[in-house]
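# An overview of the molecular structure
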Amino acid sequence: MAEVGTVFVGNKPVSSYVLAAVTQFTSGSKRVILKARGRAISRAVDAAELVRRFLGGKVSYGNIKIGSEKVGEPGKERTVSTIEIELVRTE
């Protein structure tokens, strides 16, 4: 299995992303990155915290990157915040 798993966070319930991240860890990934932008950022933070609690001391936070990117058509562009939360398996 891949060394790094990626979960893109969107509009689904938080439990969907927790399940996706836990599945990545149980299938052999050493690191899982939760990526979100805009309104989904709070959902990504909630999912990361729930994964950390669910797996106890086996998972910790790695790098957390924040930024922004421009989306939309030229002339109608807007700036959207982004976040990447890295969860690292400690065992």
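What you are looking at is a predicted structure, and each value in this text was computed from that prediction instead of being measured.

### Brief notes about the environment of Ile64
Relative to the assigned elements, Ile64 resides in strand S3 (residues 59-71). Once the C-alpha coordinates of Ile64 and Arg52 are considered, the two residues, 12 residues apart in sequence, prove to be 14 Å apart. If sequence neighbours within four positions are ignored, Ile64 has contacts with Ile83, Glu84 and Ile85.

### Let's talk about the UniProt feature "domain: DNA/RNA-binding protein Alba-like" (unreviewed entry) in the protein
The residues that UniProt annotates with the feature "domain: DNA/RNA-binding protein Alba-like" (unreviewed entry) are residues 6-68. Span residues 6-68 is 43% helix and 32% strand, its end C-alpha atoms 19 Å apart.

### With respect to the nonpolar core
Ranked by size, the top nonpolar core spans 21 residues in total, and within it Val9, Phe25, Leu34, Val51 and Leu87 carry the most contacts. By residue number, the principal contributor to this core is helix H1 (residues 14-26), which donates six residues. With sequence-adjacent residues up to four places away left out, Leu87 is seen in contact with Phe25, Lys30, Arg31, Val32, Leu34, Ala48, Val51, Val59, Ser60 and Tyr61.

Rules and cut-offs
Residues numbered from 1 in each chain as written. Predicted model: local features only at pLDDT ≥ 70, side-chain atom pairs only at ≥ 80, totals over all residues. Heavy atoms only, no water. Helix = DSSP H or I, 4+ residues; strand = E, 2+ residues; numbered from the N terminus. Contact = heavy atoms within 4.5 Å. UniProt positions renumbered as here; feature names shortened; annotations may be inferred. Core = buried A, V, L, I, M, F, W, Y, C linked by side-chain atoms within 4.5 Å. Buried < 20%, exposed > 50% of the residue type's maximum accessible area, 1.4 Å probe, protein only.

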